[in-house]
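Listed below, chain by chain, are the residues.
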Amino acid sequence: MSATQRLFVRQSSGLVRTISAFGAMVFGVHCISLSSSGLIPFSWVASVWPGASIIGVLTVAMILGLFHAYTYAAIGAAMPRSGADYVLASRILNPTLAFGASWVLALFSGVVAGGLIAWIPGTALPTLLRTIGILFNNQTATDLATWSASSTGILVIGTACVLLTWATMLLPTQTIVRILEVGFFLGLAAWAVIYFALATAPGPEAFQSAWDRFMGAGSFASRIDLAVQAGMEYSPNVAIMTLAGLIMGFWIYYGYYIPTFFAGEVKEAHRNLLIGAWSALIITWLVFSAADLLLERLVPLEWIAAEGYLYNNTDTFAMPWITFYASILRPNVLVVGLITIGWVYTLINLAQTYFFYTSRIIFSWAFDRIIPSGIAYVHPRVGSPVVAVTLIAILAEIGVLDAATRGILATQLHFVFFAVITQIVPVLAVTLLPFLKPDLFEAAPRIVRAKLGSLPVVTLIGAVTLVYLGWMILASFLFPAVGGGIGRGTVLTFLLIFLIGIAVHVASRLYRLRREGVDLAWTFREIPPV
Amino acid sequence: MKLFRIVYSSDFHASELVFRKFLSAGLMYEARALVVGGDLTGKALVPLIRVDGRYEAVIAGVRRAAETETELKQLRRLIANVGYYAQEMTADEAQYYAEHPAEQAQLFRRGIEEQLTRWIELAEQHLRPRGIPLYLIPGNDDPLFVDEILERCAGSVVNVDRRRIELAGGEYMLAGLGVSNETPWRCPRDWPEEQIDRELRGLLSGVREPARSILLVHVPPYDSGLDTAPALDQELRIRYAGGQVLMEPVGSRAVRRVIEEVQPLLGLHGHIHESPGFRKLGRTLCVNVGSEYAEGILRAAIINLERGKVKGYLPISG
């Protein structure tokens, strides 16, 4: 070490945060979900745009996700604390606007957690149970699958899963992180089993024969014709594939950036947020792409699209699930069992990440005293935010109810629209940071203050992200199959929740001013040095 | 009685920018008193190496150079803002100081004395005309010689370490203790719990209305949610389990015991930068504002007192 590199340090205490780059990556992977997002490319992408390359869509979306991830990592690096997106936007743009956006995101995330939990009995369990029913000729499993997907089944199993998620979220953070880490490896193990089944199949004939064995003689050969008769138009088109990738990417990869919501707990946030988000994106891209390569070795893309099309658009019995494809090739209890354990466990992990990040957003509101501090109460023994987690569980139960009754919220389908609109506020804040708060920009970590020539990188990448977000809002309307058929009701719901958020902020500010003599606006005011 | 507003902060660790923002916050929010919870001094000193008529330094891993007087001034300001001391020297001198800890300690002492003296003057300049007092205590990271500097304070800046003083014409009482319980780093003001207990009880003995007293103690109460920090092993390495950092309460049991028994109006604390918050221990509102001194961000709290009660409080940062 040369003399100029030396720093004289005297003996004193230190400061450390807790979540590592690996931990951030695990959170990101679970929020993307090795299970639910693992099914989408094969059951949905191929069927919404028959002919679109699955790997192409995964890759385009992943690359765009890298830009979005950088933007959110910069947000977390600029404000390394709970609810970094809200904190940054409130300080840079406007506190009321930032709270309104954060309010919508948190409330809807809570309800979406329920929607995702409802997906366990609604889709995941029936898929796995039907697989067992078909493979082992087990009528009980088939009946259970039918009941699981019914309104009663969704309500009963969904509520049980909400309670389970709620209970696990009351555990200390370190235990939760360990549960997630176990899930990460279980999820990868389930995929390893799928790879093994696909890779060891001798060739297309083996798949065709396995399919016909379990789905009926001649079934394999009839799928494309059936889909075409039902209206499927198979036309490879790179441009459409790219457009599809832009919006489907948000579905598949949503969640890689969530450690930004608890940036205050991520050590070396300026580095680990980006590493975590990019790693989560790249790992899931590798996992899903490898599965596609192995599957397309056995089945043509057109057939994958047809099976998905039949499932999504007709009453024909169809099983467009990668887990089923693997299971028919290796129809034994161990294969099906390992996949089922990995899938169900990681689906609970998915809900846990929503509970976790939403509770941290609520923390940031409580810390700014917008909501009563009791909501952010941390139990002294377990170190868990019991009130916030319970509130999120209530929201999640609403999501389960909505899914069980096929209600108006259709949370899963509308989440892209809600999430993307609310993201515009913090992304705009970090994009304009160099111009609105140059002091903060100059003092920020390198990931924030890096420049390309004279142009701040965060502005450049923020602009790309804004275009990406803008396209997804537009695409939500243009592609109802993916956007969820956004209608006037959805837009009004968004506006109503947003306006309630604004009203909460204004009411809280007035209350604190009159009763306590403090103005919440002071929290956000810049303090120039004397 | 009318509203009495305190602006409280802690753990500046020599950040010039944060201290200046703190004074500014007191003026902006029309505080009746400013209070500082210790750890005033910095942890590191950056050698400004003279090389061929220019100065070079490495700050946070980034090599920076200054060729003109203006650039040198800017470099010094940058170093001061992140809480480091700067000292001009040659490469040979840097090598000498690296090999001679006693002389290196003298450099630190000079840097600390110069800065604290300047801060006191700055506070007097801005606060005295408005009649706003600044009450402070040292923290466990502050060397003992800091007492000599603080003892020289007169006028608006008041050292309340191991003292009681009256606020708002006697409506409230402020008692200060600038120490922490024993830390793995064996800092200059690490005390055994028994000593803290004894000192606090002595400070508060004879107080007529404990419910109107404010306890200014650097270390937060044990297991209050204001004292959560990484667990360390014997070699001061962070303890991990399952790949995660183990966190544990590290505050003072004596401080908690005394607060629970005496139930003062307020407990003002610092020390654990990563554990800011407001917590109630019985009737006592305990505050740790945390610290982001290295980022040049002031973390503080506005606390309104009225009729012997906490009327309202708000964390601020900027």
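Owing to the predicted nature of the structure, the values given are computational and were not obtained by experimental measurement.

Focus: the overall build of chain B
Assigned secondary structure in chain B consists of 7 helices and 22 strands. The globule rule puts the C-alpha radius of gyration for 318 residues at 20 Å, and the 20 Å found for chain B is close to it. Taken over 318 residues, chain B has a buried fraction of 53%. Taking the intrachain contacts of chain B between residues at least 6 apart in sequence as the baseline, contacts between residues at least 24 apart amount to 67%.

As for the overall build of chain A
Each helix and strand in chain A was counted, giving 23 helices and 3 strands. What you see for chain A is a C-alpha radius of gyration of 24 Å, in line with the 24 Å of a compact globule of 530 residues. Principal axes of the C-alpha set define a box for chain A whose edges measure 85 × 55 × 50 Å. Counting only residues that meet the buried cut, chain A has 57% of its 530 residues in that class. Excluding contacts between residues fewer than 6 apart, the proportion of contacts in chain A whose partners are at least 24 apart in sequence is 82%.

A short note on the confidence of the model for chain B
With 97% of its residues at a pLDDT of at least 70, chain B reaches an overall mean of 91. Under the prediction, the complex receives an ipTM of 0.85, its pTM being 0.81.

Description of the sheet that holds strand β20 (residues 284-288) of chain B
All names here are of chain B. If you trace the 6 strands from one edge of the open sheet to the other, you get β9-β10-β13-β18-β20-β19, paired in mixed fashion. Edge positions in the open sheet fall to β9 (163-167) and β19 (277-281), since each of these has one partner strand only. Mean inter-strand twist for the sheet, computed between neighbouring axes without regard to direction, equals 20°. The pairing of β9 with strand β10 (residues 172-177) spans 5 bridges and is classified as antiparallel. Opposite Leu167, over in β10, you have Tyr172 as the bridge partner. Across the face of the sheet, helix α6 (residues 193-204) comes into contact with β9, β10 and β13 (213-217) while running at roughly 155° to β10. Along the sheet, helix α7 (residues 253-262) makes contact with β13, β18 (266-269), β19 and β20, crossing β19 at roughly 55°.

Observations concerning the sheet that holds strand β21 (residues 299-306) of chain B
Residue and element names in this part refer to chain B. The 6 strands are arranged β8-β7-β2-β1-β21-β22 in an open sheet whose pairing can be described as mixed. For this open sheet the edge positions go to β8 (157-159) and β22 (309-317), each flanked by a neighbour on one side alone. Each strand of the sheet is rotated relative to its neighbour by a mean of 20°, with strand direction disregarded. By the bridge criterion, 3 bridges tie strand β7 (residues 134-136) to β8 in an arrangement that is parallel. Bridging across to β8, Leu134 finds its partner in Val157. Of the strands in this sheet, β1 (4-9), β2 (33-36), β21 and β22 touch helix α1 (residues 16-28), which is tilted by about 165° from β1.

Some words on α6(B)
All names here are of chain B. The first and last C-alpha atoms of α6 sit 16 Å apart over 12 residues, in line with the 16 Å expected at 1.5 Å per residue. The complete set of buried residues in α6 reads Ile196, Leu200 and Leu203. Here the buried residues of α6 occupy an arc of 60° about the axis, which is enough to place them on one side. Exposed residues pointing more than 90 degrees away from the buried face of α6 are listed as Glu194 and Gly202. Directly beyond the C-terminal end of α6, a positive phi value near 80° is found at Gly206.

Some remarks on the confidence of the model for chain A
Residues and elements named next belong to chain A. Averaged over every residue, the pLDDT of chain A is 87; the share at 70 or more is 92%. Every residue in residues 1-5 is under pLDDT 50, and counting partners more than four places away or in other chains gives 11 contacts. Here residues 11-16 scores under 50 on pLDDT; set against residues more than four positions off or in separate chains, the count is 15 contacts.

Details of the packing of α1(B) against helix α4 (residues 101-127) of chain B
All names here are of chain B. Remark: α1 packs on α4, axes separated minimally by 11 Å, with the N-to-C direction vectors making an angle of 20°. Regarding the angle of α1 to α4, the classification is roughly parallel. In this structure, α1 crosses over α4, and the sense of that crossing is right-handed. Facing α1, whose interface residues are Phe19, Leu23, Gly26 and Leu27, α4 presents Trp119, Leu122, Ala123, His126 and Leu127.

A word on the pairing of β10(B)
All names here are of chain B. Taking burial as the measure, the 6 residues of β10 include 6 buried ones, the bulk of the element. Burial along β10 is two-sided: the face carrying Tyr172, Leu174 and Gly176 and the face carrying Met173, Ala175 and Leu177 are both buried. Bridge analysis of β10 against β13 gives 5 bridges, and the strand direction is parallel. Counted as the bridge partner of Gly176 is Leu216 from β13.

A closer look at the environment of Ala44(B)
Residue and element names in this part refer to chain B. Topologically, Ala44 is positioned in strand β3 (residues 44-51). Assessed through the 18 C-beta atoms surrounding it within 10 Å, Ala44 is described here as partly exposed. The spatial distance from the C-alpha of Ala44 to the C-alpha of Ala86 is 8.9 Å, given a sequence separation of 42 residues.

Comments concerning unusual backbone geometry
Residue and element names in this part refer to chain B. In this model, Asp11 sits at a positive phi of 55°, which is unusual for a non-glycine residue. With respect to the helices and strands, Asp11 occurs in the loop between β1 and α1. Given 29 C-beta atoms within 10 Å, Asp11 falls into the buried group. For Glu30, which is not a glycine, the phi torsion comes out positive at approximately 50°. Here Glu30 is to be found in the loop between α1 and β2. We classify Glu30 as exposed; it has 12 C-beta atoms within 10 Å.

Digging into the nonpolar core
Ala69(A), Ala78(A), Leu88(A), Ile117(A), Ile194(A), Ala277(A) and Leu295(A) are the most contacted members of the largest nonpolar core, which has 188 residues in total. Here this core gets 24 residues from one element, more than from any other, and that element is helix α5 (residues 95-135) of chain A. Counting 94 residues, the second largest nonpolar core, distinct from the first, contains Tyr8(B), Ile79(B), Leu127(B) and Leu174(B).

Here's the deal with the domain arrangement of chain B
By a frequent convention, interface size equals the accessible area lost on bringing the separate parts together. Residue and element names in this part refer to chain B. Splitting chain B by domain gives domain 1 (4-43 + 108-317) and domain 2 (45-100). For domain 1 and domain 2, the distance between their C-alpha centroids amounts to 31 Å. Of all the elements in the fold, those that place two or more residues in the side of domain 1 that touches domain 2 are α1 and α4.

A closer look at helix α20 (residues 457-478) of chain A
Residue and element names in this part refer to chain A. Helix length check: α20, at 22 residues, gives a terminal C-alpha distance of 31 Å against a target of 32 Å (1.5 Å per residue), a fit within 8%. Among all positions of α20, only Val458, Ile461, Gly462, Thr465, Tyr468, Leu469, Met472, Ala475 and Ser476 are buried. All buried residues of α20 project into a common sector of 140° when viewed along the axis, lining one side.

Looking at the packing of α5(A) against helix α14 (residues 322-329) of chain A
All names here are of chain A. Relative orientation of the contacting elements α5 and α14 amounts to 20°, with a least axis distance of 10 Å. For the element pair α5 / α14, the angle class is roughly parallel. For the element pair α5 and α14, the recorded crossing hand is right-handed. On α14, the residues touching Thr127, Leu128, Thr131 and Leu135 of α5 are Thr323, Phe324, Ser327 and Ile328. Taken together, the residues of the contact of α5 with α14 break down into 4 nonpolar, 4 polar and no charged.

Here we look at the pairing of β21(B)
Residue and element names in this part refer to chain B. Across the 8 residues that make up β21, a large majority, 6, are buried. Sheet topology places β1 next to β21; 6 bridges connect them, and they run antiparallel. Within β21, the position partnered with Ile6 by the bridge is Ile303. Taken together, the 8 bridges between β21 and β22 define a ladder with antiparallel strand orientation.

Rules and cut-offs
- Residues numbered from 1 in each chain as written.
- Chains lettered and ligands numbered in written order.
- Predicted model: local features only at pLDDT ≥ 70, side-chain atom pairs only at ≥ 80, totals over all residues.
- Helix = DSSP H or I, 4+ residues; strand = E, 2+ residues; numbered from the N terminus.
- Rg over C-alpha atoms; globule rule 2.2 N^0.38 Å.
- Buried ≥ 20, exposed ≤ 12 C-beta atoms within 10 Å, placed from the backbone.
- Contact = placed C-beta atoms within 7 Å.
- pLDDT = per-residue confidence, 0-100.
- Pairing = 2+ DSSP bridges.
- Axes fitted to C-alpha atoms, helices over the stretch in contact; angles between N-to-C directions.
- Expected span 1.5 Å × (residues − 1).
- Arc of directions from axis to C-beta.
- Parallel < 35°, antiparallel > 145°, perpendicular 65-115°, else oblique.
- Left-handed = near helix turned anticlockwise from the far one by under 90°.
- Core = buried A, V, L, I, M, F, W, Y, C linked by C-beta atoms within 7 Å.
- Domains from an automatic or database assignment.
- Nonpolar A, V, L, I, M, F, W, Y, C, P; charged D, E, K, R; others polar.

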